[in-house]
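# Reading the structure
These are the residues of each chain, in order.
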Amino acid sequence: DAKTTQPPSMDCAEGRAANLPCNHSTISGNEYVYWYRQIHSQGPQYIIHGLKNNETNEMASLIITEDRKSSTLILPHATLRDTAVYYCIVRVDNNNDMRFGAGTRLTVKP
Amino acid sequence: DVKVTQSSRYLVKRTGEKVFLECVQDMDHENMFWYRQDPGLGLRLIYFSYDVKMKEKGDIPEGYSVSREKKERFSLILESASTNQTSMYLCASSLPSLGGPGRQYFGPGTRLTVT
């Protein structure tokens, strides 16, 4: 699976959009981009995933560049409860596990 | 909603004890996983299972074994607990990808302390 690079930490003001970047320059054509988050003392939670096209669900939007070498997770109106570690994972579509890196620690401030 | 439950949130055991961590999922998922999470090291895969009685080693299987006798239950066993196995243990389950992307559902975690 391709490796990912994320900033270790970010801050965001409550009510503003949080834009979390992820670089995956070695991504292969059959690899998906997944985003999970982990709120303190809880298990990771799936947020969204995509292959080529931008995706949106009730939690977030995922923007993938045309060359697929990077992506951005967007939380449109961040709340204090969105404070968590966000993981960007690139993986092929098979039965294997998820390889979690260090992620980005997002702190939403009042 | 998929529910993944783990037998204990907090557990304290002594060095040399045999420890069982239980995980149960209620959505008939074929795949189940055990991870441990340590500060600065992220999540690391210990073992996973694609089906009943099947198991595969992950990245750090040493000192652990697993058991999957029923589809909904995946147990992690520490044969002789050691202090370096003090960690947060996370269980997850997922459907097979079957040509479409899969996603994992995690339990709340068990924080194990070995003294």
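The present account deals with the structure reproduced in this document. (Residues numbered from 1 in each chain as written. Chains lettered and ligands numbered in written order. Predicted model: local features only at pLDDT ≥ 70, side-chain atom pairs only at ≥ 80, totals over all residues. Heavy atoms only, no water.)

### Focus: the state of the cysteines
Considering all chains together, one arrives at two disulfides over all chains under this definition. A disulfide bridge connects C22 of chain A with C88 of chain A, and the sulfur atoms are separated by 2.1 Å. Taking the torsion about the sulfur-sulfur bond, which here is approximately -80°, the covalent link between C22 of chain A and C88 of chain A counts as left-handed. Taken together, the residues span a long stretch of sequence, with C22 of chain A in strand 2 (residues 18-23) and C88 of chain A in strand 8 (residues 84-92) at a distance of 66 residues. Disulfide partner of C23 of chain B: C91 of chain B, at an S-S distance of 1.8 Å. Handedness of the C23 of chain B-C91 of chain B disulfide follows from its S-S torsion of about -75°: it is left-handed. Placement of the pair is C23 of chain B in strand 3 (residues 19-25) and C91 of chain B in strand 9 (residues 87-94), with a sequence separation of 68 residues. Each member of the pair, C23 of chain B together with C91 of chain B, is buried. With no disulfide of its own, C12 of chain A has C22 of chain A as its nearest cysteine by sulfur position, at a separation of 18 Å. (Disulfide = S-S within 2.5 Å. Helix = DSSP H or I, 4+ residues; strand = E, 2+ residues; numbered from the N terminus. Buried < 20%, exposed > 50% of the residue type's maximum accessible area, 1.4 Å probe, protein only.)

### Regarding the sheet that holds strand 7 (residues 64-70) of chain B
Residues and elements named next belong to chain B. One open sheet holds the four strands; their spatial order is 1-3-8-7, and the pairing between them is antiparallel. Of all strands in the sheet, those bounded by a partner on one side alone are strand 1 (4-6) and strand 7. Here the strands of the sheet are splayed against their neighbours by 20° on average, with no regard to which way each runs. Taken together, the three bridges between strand 1 and strand 3 define a ladder with antiparallel strand orientation. Residue pairing in the sheet places Q6 in a bridge with C23 of strand 3. (Pairing = 2+ DSSP bridges. Axes fitted to C-alpha atoms, helices over the stretch in contact; angles between N-to-C directions.)

### Here we look at the layout of surface pockets
Taken as a whole, the largest pocket spans an internal volume of roughly 650 Å³. What lines the largest pocket is a set of 26 residues, and nearest its centre among them are Q38, V85, Y87 and R105 of chain A together with Q37 of chain B. When residues of the lining of the largest pocket are traced back to their parent elements, those giving at least two are strand 8 and strand 9 (104-109) of chain A together with strand 4 (31-38) and strand 9 of chain B. Here the lining of the largest pocket is built from residues that sort into ten nonpolar, 13 polar and three charged. (1 Å grid on protein atoms, 1.4 Å probe; cavity = no way out; pocket = protein on both sides within 12 Å on 5 of 7 lines; lining within 4 Å. Points joined across faces, edges and corners; volume = space filled by probe spheres on them. Nonpolar A, V, L, I, M, F, W, Y, C, P; charged D, E, K, R; others polar.)

### With respect to the nonpolar core
By size, the foremost hydrophobic cluster in this structure holds 21 residues, and its most contacted members are W35, L73, Y86 and L106 of chain A. Those elements that place two or more of their residues in this core are strand 2, strand 3 (31-38), strand 4 (45-50), strand 6 (61-64), strand 7 (70-75), strand 8 and strand 9 of chain A. By residue number, the principal contributor to this core is strand 8 of chain A, which donates four residues. Formed by 20 residues, the second largest nonpolar core is a distinct cluster that contains V4, Y64, L112 and V114 of chain B. (Core = buried A, V, L, I, M, F, W, Y, C linked by side-chain atoms within 4.5 Å.)

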